[in-house]
Amino acid sequence: MKKVQSTCNFCAIDCNLDFYVENDRIVKVIPTPGYPVNDGFSCIKGLSLNKQQTTVKPNALPKIRQEDGTFKEVSWDEGFQYVADQLLALQAKYGTESVAGISTGQLTLEEFAIYGHVMRNYLQTNVDGNTRLCMATAAVAHKGTYGFDAPGFTLEDLELSDTIILIGSNPVVAHPIVWGRIRNNKVPGHKVIVIDPRQSETARCADYHYPLRWRTDLTLMYTLAHIIIENDWVDHSFVDEHTEHYEEFKTFLEDFTLERGVKVTGLSADQIMELATLIHEGKRVSFWWTMGVNQGYEAVRTAQSIMNLAFLTGNVGKPGTGGNSFTGQCNAMSSRLFSNTTCLFGGREFGNQADRDYIANIIGIDADLLAKKPTLPYNAIIEGINEGRIKGLWVLCTNPRHSWTNNETFASAVKKLELFVVQDIYDTIESAEECTVFFPVVPGIKKEGTYINMERRLSPLRQVLPRGENEISDYECILGVGKALGMGEALSRWETPRDCFNLLRECSRGMPCDFTGVYWDDLTGSHGRQWPYPEGREEELKADQRRLYEDGQFFTPSKKAQFIFEEPLDNPCPVTEEFPLVLNTGRGTVGQWHTQSRTKEVKFVEDVSLKKAYLYMNTKMAAEHDVHENDFVRVYSSNGQDAVFMVKVTDYVQYGELYVPIHYIECNKLTPSVYDKYSREPNYKGGTCRFEKVKEGELTHV
Ligand SMILES: Nc1nc2c(c(=O)[nH]1)N[C@H]1C(S)=C(S)[C@@H](COP(=O)(O)OP(=O)(O)OC[C@H]3O[C@@H](n4cnc5c(=O)[nH]c(N)nc54)[C@H](O)[C@@H]3O)O[C@H]1N2
Ligand SMILES: Nc1nc2c(c(=O)[nH]1)N[C@H]1C(S)=C(S)[C@@H](COP(=O)(O)OP(=O)(O)OC[C@H]3O[C@@H](n4cnc5c(=O)[nH]c(N)nc54)[C@H](O)[C@@H]3O)O[C@H]1N2
Ligand code: SF4
Ligand SMILES: [Mo]
């Protein structure tokens, strides 16, 4: 029996698993003992990765839509040439930026890079990732506050903190290993605190739960900062030595009185004072936020307001501390720094000539051929298609027909495309319904590359199963199109993922994410490696768990962290008489993954999951509307759309809220086209709606 250690490619924990293979079948999956992230544990998604053995169908080939609407299978070379010719023809006819790409946080590091090279450098056009729907807020917040998108924590901090504050984060469902590590916390008297309007699964297990009103986190954080300053609970030596703009922040906070905090958040004065006191009394306080923060209309400032609290109280760079963000997808961190979308490879600047020359020299092209500016954001790409400026789209490893906000705008967009390529491991996804070309690629279990997890750890994806005839990976597919485009020499250093990894190592040199000391072969079977890990400092940096900012030095020009703050905005989606309810959305259960194409890999979850969209409604509200468990309601959203859901009645959601799991396409039919102004991340958790009970006779219309 052969054992291959590889990385789980669902969530951003990046657990390692040992796959035992016999006769080209996986016979057992065991979470890798001793791996610093998951040490012998994992969730059911990781344990079910053996189900990736069958995806589209054995030996699938590309499909091209014919004039009569049917598909024709072609060879890979024909498929590459067709897409390359169409991309060039569209550019010639409608202009350079008339083609675009939508990528993901779930490919490998090397696949992001080569896609960014082909689309952004060679074709000089736009590619954005579904990381825009997820981590853009955290990335922008980090860049402003720290000077670089460099989350500082290591997962061990969860075990070393005495006060763990989870904000808009539900790790019991979304990051089970995070929750496992919190449960492993041995600090006597440690406290787990949840800030979430909903009594989430995590809130139910916590010591304290603060059910604030939706989208009032920014005012809550400023009120807490006000109380901390008023009581002189500030760590002055940290603030004086390592931060900038404290005095302005202090003046700004004068208006954020406890009274205002109570009025806005709906929490009581006692609750807010209790929370402030817990933060003050903690010796190692850590703040952790996820999508309840990132997916809002003032999300970047909210994320920064959390980091501000960590700075004020000196909870940065020490074990068990930090203002930290949990990342969502397995490789969002690679997408953020190495996809050539919002920055040049390695977090470098498009506008900096020295950076351009450096990167061009490594990848062997003229600096003029590198992308010249950050990509258009996701929403601008979809708007560009709807408005007829963009005619060709290549979507890989994401399912926007389902996951994009106000998703009917995606449905209308793709009807206008002349070329719509979908590259996925399943041809049954909603996004593939209208595509003109489908590229079937192999899943993670049959390819190799590198992932970077939420604590900056590079981790190896190693091929577990052999490939069948015709089976190719995303990397090879993108390389094939690149060659068919005529890139020639511009691809000569990119032949394999390993070649690409070596290029990216060099691209990272001297940057905060420097991983020049990490080698492909050394990663195999290893404990992974957190960046930075520059060549020459291996001995000094050999520890398995490392955090940033221990020396109080940040990546800003002054080396100081920035207090960044702004007056809260008026809610662009306020509840009204017509739409009196908040539409909250998020993860459903541990085994369900996003748009559910991969939930079927988790067989026992697929078997028991509801096949129809459902929502959670507060018991009192349900009673007032004569709605009972398993009744159906039609929900009307302020975006003009409506959809039918089965009702689950519960006290875990607030009166005035409907909670809709994201795993059904109906969910994003109802979410608004509203974005944070800095990160352009959708306000997914802040829609508004009303509902009416669907009478039995009307159910045929569901
Ligand atoms: N099983 C499973 N696990 C996953 C995923 C999956 O699809 N399935 N997806 C992965 C990905 S890509 C991501 S990004 C993560 C997401 O992980 P999480 O962000 O933890 O999950 P969500 O359910 O999106 O949202 C978290 C919470 O935000 C709360 N919330 C809503 N509005 C507000 C608000 O105004 N303020 C506050 N404080 N909270 C609010 C919601 O009630 C919800 O409980 O999960 C990852 N893990
Ligand atoms: N209302 C609401 N909407 C949300 C959210 C929310 O909280 N609320 N969360 C948002 C967030 S955080 C995220 S991350 C997005 C996720 O949204 P999506 O990225 O659209 O969701 P997935 O189902 O993960 O889509 C990944 C696709 O890649 C395919 N795939 C898997 N492995 C491979 C591979 O190796 N190669 C290729 N080419 N394809 C592969 C899968 O079959 C699947 O179709 O949803 C966002 N949408
Ligand atoms: S989904 Fe996340 S927690 Fe579950 S096994 Fe995979 S990496 Fe680990
Ligand atoms: Mo995400």
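Refer to the structure above for everything that follows.
The text that follows walks through the structure, step by step, so that each part is easy to find. Everything numeric in this text was worked out from a predicted model, so none of it was measured.

Conventions and cut-offs
- Residues numbered from 1 in each chain as written.
- Chains lettered and ligands numbered in written order.
- Predicted model: local features only at pLDDT ≥ 70, side-chain atom pairs only at ≥ 80, totals over all residues.
- Heavy atoms only, no water.
- Near = heavy atom within 4 Å.
- Nonpolar A, V, L, I, M, F, W, Y, C, P; charged D, E, K, R; others polar.
- Salt bridge = Lys/Arg side-chain N within 4 Å of Asp/Glu carboxyl O.
- Helix = DSSP H or I, 4+ residues; strand = E, 2+ residues; numbered from the N terminus.
- Buried < 20%, exposed > 50% of the residue type's maximum accessible area, 1.4 Å probe, protein only.
- Pairing = 2+ DSSP bridges.
- Axes fitted to C-alpha atoms, helices over the stretch in contact; angles between N-to-C directions.
- Left-handed = near helix turned anticlockwise from the far one by under 90°.
- Contact = heavy atoms within 4.5 Å.
- Expected span 1.5 Å × (residues − 1).
- Arc of directions from axis to C-beta.
- Polar contact = N/O pair within 3.5 Å; in protein donor to acceptor, adjacent residues only side chain to side chain.
- Areas by Shrake-Rupley, 256 points an atom, 1.4 Å probe, with all protein chains shown as cover.
- Domains from an automatic or database assignment.

**Let's talk about the site of ligand 3**
At step 1: Close contacts around ligand 3 come from Cys8, Phe10, Cys11, Ile13, Asp14, Cys15, Ser42, Cys43, Lys45, Gly46, Pro176 and Ile177, and that covers them all.
At step 2: A breakdown of the residues in the shell around ligand 3 according to their chemical character gives eight nonpolar, two polar and two charged.

**Observations concerning the pattern of salt bridges**
At step 1: What the rule picks out here adds up to 36 salt bridges.
At step 2: Of the charged contacts, one joins Arg336 and Asp149 as a salt bridge, the two residues approaching to 2.7 Å between their closest N and O atoms. One end of the pair, Arg336, is in helix α16 (residues 332-338); the other, Asp149, is in the loop between α4 (136-146) and α5 (157-160), and 187 residues separate them in sequence. Each member of the pair, Arg336 as well as Asp149, is classed as buried.
At step 3: Several salt bridges converge on common partners, so that one network encompasses Arg505, Glu506, Arg509 and Glu535.

**Points about the pairing of strand β12 (residues 285-289)**
At step 1: Burial of β12 is extensive: five of the five residues sit out of reach of the surface.
At step 2: Alternating residues of β12 divide into Val285, Phe287 and Trp289 and Ser286 and Trp288, and every residue in both groups is buried.
At step 3: Bridging between strand β8 (residues 163-167) and β12 involves five bridges; their strand directions are parallel. The partner of Thr163 across the bridge, within β12, is Val285.

**Here's the deal with the packing of helix α9 (residues 217-230) against helix α13 (residues 269-281)**
When two helices pack together, their arrangement is captured by the angle between the axes and the distance separating the axes.
At step 1: Across the interface, α9 lies against α13 with an axial gap of 10 Å and an inter-helix angle of 65°. The way α9 lies across α13 gives a crossing that is right-handed. Within the contact between the two elements, α9 uses Leu220, Thr223, Leu224, Ile227 and Ile228 and α13 uses Ile272, Met273, Leu275, Ala276 and Ile279.
At step 2: Of the residues belonging to the contact of α9 with α13, the class tally is nine nonpolar, one polar and no charged.

**Overview of helix α2 (residues 76-94)**
At step 1: For α2, which comprises 19 residues, the first-to-last C-alpha distance of 27 Å matches the rise-based estimate of 27 Å (1.5 Å per residue) to within 8%.
At step 2: Here α2 has its buried residues at Trp76, Gly79, Phe80, Val83, Ala84, Leu87, Leu90 and Gln91. For α2, the buried positions fall inside an angular range of 130° around the axis, keeping them on one side. More than 90 degrees from the buried face of α2, the exposed residues found are Asp77, Ala92 and Lys93.
At step 3: Contacts from the buried residues of α2 go to β6 (99-103), β14 (392-396), β15 (419-424), β16 (437-440) and α21 (474-485).

**A short note on the site of ligand 2**
At step 1: Among the 33 residues in the neighbourhood of ligand 2, the closest are listed as Asn130, Ser403, Asp424, Thr595 and Asn668.
At step 2: Asp424 places a side-chain nitrogen or oxygen 2.6 Å from an oxygen atom of ligand 2.
At step 3: One of the side-chain N or O atoms of Arg587 is found 3.0 Å from an oxygen atom in ligand 2.
At step 4: For ligand 2, whose unbound accessible area comes to 920 Å², protein coverage reaches 99%.
At step 5: Contributions of two or more residues to the shell around ligand 2 are made by β15 and α26 (665-669).
At step 6: Classifying every residue of the shell around ligand 2 gives 13 nonpolar, 14 polar and six charged.
At step 7: Two domains each donate at least three residues to the shell around ligand 2, and these are domain 2 (63-127 + 331-530) and domain 4 (581-701).

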